[in-house]
Amino acid sequence: MENVLEATQLSKNYRSVKALQNLSLTVESGSIFGLLGPNGSGKTTCLAILLGVVKPDSGTFSWLGQQPSHSIRRQHIAALLETPNFYPYLSGAQNLRLTARIKQAGEENIDTALQTTGLFNRRNSKFSTYSLGMKQRLAIAATLLTNPDVLVLDEPTNGLDPQGIAEIRELIVEIGKKGKTIILASHLLDEVEKVCTHVAVLKSGELLASGKVAEVTGSDSRVEIAAENLDELERHAKAIIGLINYEREKDRLILQLPEPADAAAINRYFFEKGVTLRLLTVKRRSLESQFLELTRKS
């Protein structure tokens, strides 16, 4: 699979503030790539550099194997860094026609963009009647007018209610299925874990981890078990084949096992050893737990 973006050792300082420190990234074609980090982690600075808004102090990057240029960005990349100012008294379709003229794009993609974003049936409704989620979907529709290969979205669910957040997340996944590459900046762990195929974790301008979401979260499970005799339980637990690690906490053991952990098999194992479990909980390690672990280490 070819790489849409390759960035090497990007750095940017604002006086004494190190906004980005030697950031290297590779984004594969067709992926939904999440830039994850709290406010001030360098996500927006990174996007601004990649979109030609800000010049890096050092480092290089390429889009689609070519040196960055206005022509490359115009032909292949569309971005939503903040909600555009649509006219409230115009309909959704009218606003997109106006946006197409500003972008010097044809109007042939307007209906497709409206259908993709689920707004075709409301295309003739005034923008002022749209919900917040619909307004954001229209903003994403505007990015699709040039039929770009790459979409760059900065915090696309900011300020939305739960329904609006769910709609945008579903839309991003659907656009990704159509073959578009999406680069998504977010501070929401849940958003990245549910939507993205790949993730880069940033903190204070530094890259802490990067890779497929499943790789970054780890391929192991957390299993909590308890029984009447904790010493006997521990003795048998240590003999489990594939056990990565375990901890003893008060009245229970916490096992780290390879993914996927089979609850039925674990229960059967201890039953055959004469131990009856009174607690058995299997939890796959989340991006949140890995993120907290990475930030603690940093």
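Residues numbered from 1 in each chain as written. Predicted model: local features only at pLDDT ≥ 70, side-chain atom pairs only at ≥ 80, totals over all residues. Heavy atoms only, no water.

S.K.: Which residues make up the packing of aromatic side chains, and what are the values?
M.R.: Under the definition given, this model contains four aromatic pairs. Seen from their ring centres, Tyr87 and Tyr89 are 5.7 Å apart, and the 50 degrees between their planes marks the pair as tilted. Residue classification places Tyr87 among the partly exposed positions, given a relative accessible area of 39%. The interplanar angle of 85 degrees and the centroid separation of 5.1 Å between the aromatic rings of Tyr269 and Phe270 together place this pair among those described as edge-to-face. Aromatic rings pair up to connect Phe86, Phe127 and Tyr130 into one cluster. Residue placement shows Arg123 over the ring face of Phe120; its charged tip is 3.9 Å from the ring centre. (Phe/Tyr/Trp six-rings, centres within 6.5 Å; stacked < 30°, edge-to-face > 60°. Buried < 20%, exposed > 50% of the residue type's maximum accessible area, 1.4 Å probe, protein only. Lys NZ or Arg CZ within 6 Å of the ring centre and 35° of its normal.)

S.K.: Tell me what's going on with the layout of surface pockets, and back it up with residues and numbers.
M.R.: As a volume, the largest pocket reaches approximately 720 Å³. Lining the largest pocket are 24 residues, and of these Ile77, Ala78, Ala79, Leu80 and Lys103 lie nearest its centre. Of the residues assigned to the lining of the largest pocket, the class counts are 14 nonpolar, six polar and four charged. (1 Å grid on protein atoms, 1.4 Å probe; cavity = no way out; pocket = protein on both sides within 12 Å on 5 of 7 lines; lining within 4 Å. Points joined across faces, edges and corners; volume = space filled by probe spheres on them. Nonpolar A, V, L, I, M, F, W, Y, C, P; charged D, E, K, R; others polar.)

S.K.: Tell me about the state of the cysteines, residues and numbers included.
M.R.: Per the stated rule, a full pass over the model turns up zero disulfides. With no disulfide partner, Cys46 has as its closest neighbouring cysteine sulfur the one in Cys196, 14 Å distant. Cys196 gets classed as buried once you look at its relative accessible area, which sits at 8%. (Disulfide = S-S within 2.5 Å.)

S.K.: Can you explain unusual backbone geometry? Please cite residues and give values.
M.R.: A positive phi is found at Arg15, a non-glycine position, where the angle reads about 55 degrees. Looking at where Arg15 falls in the secondary structure, it is placed in the loop between β1 (3-14) and β2 (17-28). A positive phi angle, close to 50 degrees, is found at Asn22, a residue other than glycine. (Helix = DSSP H or I, 4+ residues; strand = E, 2+ residues; numbered from the N terminus.)

Worth remembering: the numbers are spatial, not functional.
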